[in-house]
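If you want the building blocks of each chain, they are given just below.
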Amino acid sequence: MANINNRIHELLASLGIGIVIGAGGAIILERIFNRTSRELGKLSDLVAEIRDELDKLKTVLSESTDSASIRSRGVRKAGSYYSIHPSSGDEDDDEFEEAYEVFTTAPESLLYKDAPEYQVDDEELSEHLKEVDKLFKGSEDDVISAYDLLIESREKYSRNAQVLWRLAKSHMLYSGIKSKHGESIEQKRLLYEGSEIAKKALTFDNESADAHKWFALLIGSLAEYEPTAQKISNGFLFKEHILKAIELRPAEAYLYNFYGRWCFEVSMLSWWEKRAAQAIYGSLPESTIDEALSNFLKAEEIEPDFYNANSLMIAKCYIQKREYTKVAGWLEKAVSIGGETADEITARTEAKTLLPQYK
């Protein structure tokens, strides 16, 4: 059976099926299915145990590709976001939908927001945390200085969750800097170390929303390094810890955005994709467009216009729900809200591209 599973996995890979988790812990199947139903029949021949399932999947696929509602819209990826645009109508009837991909790191603009302030009895520690939090909001050199300060104080505060989650955060921010400079080995080291530090922070304070948040984000950032089975496991972990962070800090808009993005990505998996993945890897996390939308709207309720990509994702949820009259207003918000980080610029550009189609 193990040999059969290996052969299934190899063929799925050749057809363009992969499983990836983003920083949001999101699980998504990359499909680049520029193949015919004849190739799916090839999969059926290899694995007798799932022949009946594949026949059902092919039937669903055939019905979907003949459906005007599916052929009327195409999907492409732009930057870290899903672009939904009118189809040209030239797609081959045997093609699968184009790939939905996920961001592999959390949005930059959300990582550099102010850390919440806490009262601590130790005045020296309080000043130390304030200095670190101030550096987090500065330049790349400031972020590196924050990392260095936390490394220096690590032994002294080795059992302090507030120091440890900030140290984990500094690892993630520093890994982003290393990535920009092409230092992939250091980037990987920082992400793995950071995830372990965040995990340790939770052992000292399981009621720390920040420790749960940064553990989830770091777990999600390990996507490109993990085998598929671990990626799926991490997807469940991401959901668990982001929901715990929301429970502990229900008034932080960014947490709802992180979870909403995860829900959106997971909800975009089609039925036949889930069944194909489950045949090999077992269960997958589940969510719906409605769950994604409710989280994005909750974020807006808490902090209106806080992040233009949140407005863009609300528009995309309404597109998926075919509630087109609600789309333009949110796209206009995404265009008008300020912000100059890479993800905010990408969101604004995409909203401008989509807006004429829904006005």
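It should be emphasised that the depicted structure is a prediction, and the values quoted were computed from it without experimental measurement.

K.L.:
How should I be thinking about the overall build of the protein chain in this particular structure?
P.N.:
Helix and strand counts for the protein chain stand at 17 helices and 4 strands. By the burial criterion, 50% of the 359 residues in the protein chain qualify as buried. Look at the contacts in the protein chain between residues 6 or more apart in sequence, and 67% of them connect residues 24 or more apart. Carbon and sulfur atoms form 48% of the exposed surface of the protein chain, whose accessible area is close to 16,400 Å².

K.L.:
Help me out: how do you make sense of the pattern of salt bridges in this one?
P.N.:
Side chains that carry opposite charge are capable of pairing whenever their charged atoms lie near each other. This model, assessed by the stated rule, comprises 18 salt bridges. Among the ionic pairs, R249 bridges to D210, the shortest N-O distance being 2.8 Å. With R249 in the loop between α11 (228–248) and α12 (253–267) and D210 in helix α10 (residues 209–221), this pair connects stretches of sequence that are 39 residues apart. Its relative accessible area of 15% is what places R249 among the buried residues. With a relative accessible area of 2%, D210 lands in the buried category. Measuring nitrogen to oxygen at the nearest pair gives 3.8 Å for the salt bridge that ties E340 to R348.

K.L.:
What is the right way to look at the side chain of K178 in this model?
P.N.:
Locating K178 in the fold gives a position in helix α8 (residues 161–180). Those residues in contact with K178, other than ones at most four positions away along the chain, are E183, E186, Q187 and L190.

K.L.:
Teacher, can you tell me more about a negative patch on the surface here?
P.N.:
Where like charges cluster on the molecular surface, the negative patch consists of D121, D122, E123, E127 and E131. Structurally, the position occupied by E123 is in helix α6 (residues 123–136). For E123, a relative accessible area of 62% corresponds to the exposed category.

K.L.:
Which parts of the structure should I look at to understand the packing of aromatic side chains?
P.N.:
Each aromatic ring pair is specified by the distance between its two centres and by the angle formed by the two planes. Applying the stated criterion across every chain, the model contains 6 aromatic pairs. With a centroid separation of 5.2 Å and 75 degrees between ring planes, the pair formed by Y254 and F306 is classed as edge-to-face. Of this pair, Y254 sits in helix α12 while F306 is found in the loop between α14 (289–302) and α15 (308–320), placing the two residues 52 residues apart along the sequence. Both residues of the pair, Y254 and F306, belong to the buried class. An aromatic cluster is defined as three or more aromatic residues linked by ring pairs; in this entry it consists of Y254, F306 and Y307.

K.L.:
What should I look at first to understand the environment of I319 in this one?
P.N.:
Tracing the chain through its elements places I319 in helix α15. In the structure, I319 is positioned 39 residues away from Y358 in sequence and 9.4 Å away in space, judged by C-alpha atoms.

K.L.:
Honestly, the packing of helix α7 (residues 140–153) against α8 in this entry has me stumped. Any pointers?
P.N.:
The relative placement of two packed helices is expressed as an angle between their axes plus a distance between the axes. In the contact formed by α7 and α8, the axes pass within 9 Å of each other and the chain directions differ by 140 degrees. In terms of their interaxial angle, α7 and α8 are classed as oblique. Handedness of the crossing formed by α7 with α8: left-handed. Taken together, the residues of α8 that come into contact with α7 (itself represented by E140, V143, I144, Y147, L150, I151 and S153) are V163, R166, L167, S170, H171, L173, Y174, I177 and K180. For the contact of α7 with α8, a count of residues per class yields 10 nonpolar, 3 polar and 3 charged.

K.L.:
So what exactly am I meant to see when it comes to the confidence of the model for the protein chain here?
P.N.:
Detailed reading of the predicted model is not advised wherever pLDDT is low. Mean pLDDT over the protein chain: 76, with 66% of residues reaching 70 or higher. At the level of individual helices and strands, the protein chain shows its lowest average pLDDT in strand β2 (residues 27–30), which scores 34, and its highest in α14, which scores 98. Low confidence marks residues 63–105, where pLDDT is under 50. Its contacts with residues over four positions away, or in another chain, come to 110 contacts.

K.L.:
Would you explain the environment of E131 in this entry?
P.N.:
Structurally, E131 is set in helix α6. Distance from E131 to A146, taken between C-alpha atoms, is 8.0 Å for residues 15 residues apart in sequence.

K.L.:
Any chance you could explain the packing of helix α9 (residues 184–204) against α10 here in plain terms?
P.N.:
It is at 9 Å that the axes of α9 and α10 come closest, and there the two elements cross at 150 degrees. In terms of orientation, α9 and α10 fall into the roughly antiparallel class. Relative to α10, the crossing made by α9 is left-handed. On the side of α9, the interface is formed by L191, G194, S195, A198, K199, A201 and L202, while α10 contributes A211, H212, W214, F215, L218 and S221.

Rules behind the numbers
Residues numbered from 1 in each chain as written. Predicted model: local features only at pLDDT ≥ 70, side-chain atom pairs only at ≥ 80, totals over all residues. Heavy atoms only, no water. Helix = DSSP H or I, 4+ residues; strand = E, 2+ residues; numbered from the N terminus. Buried < 20%, exposed > 50% of the residue type's maximum accessible area, 1.4 Å probe, protein only. Contact = heavy atoms within 4.5 Å. Areas by Shrake-Rupley, 256 points an atom, 1.4 Å probe, with all protein chains shown as cover. Salt bridge = Lys/Arg side-chain N within 4 Å of Asp/Glu carboxyl O. Patch = residues over 30% accessible without salt bridge, like charges linked within 9 Å, V, L, I, M, F, W, Y side chains within 5 Å. Lys, Arg positive; Asp, Glu negative; His and termini not counted. Charge placed at Lys NZ, Arg CZ, Asp CG, Glu CD. Phe/Tyr/Trp six-rings, centres within 6.5 Å; stacked < 30°, edge-to-face > 60°. Axes fitted to C-alpha atoms, helices over the stretch in contact; angles between N-to-C directions. Parallel < 35°, antiparallel > 145°, perpendicular 65-115°, else oblique. Left-handed = near helix turned anticlockwise from the far one by under 90°. Nonpolar A, V, L, I, M, F, W, Y, C, P; charged D, E, K, R; others polar. pLDDT = per-residue confidence, 0-100.

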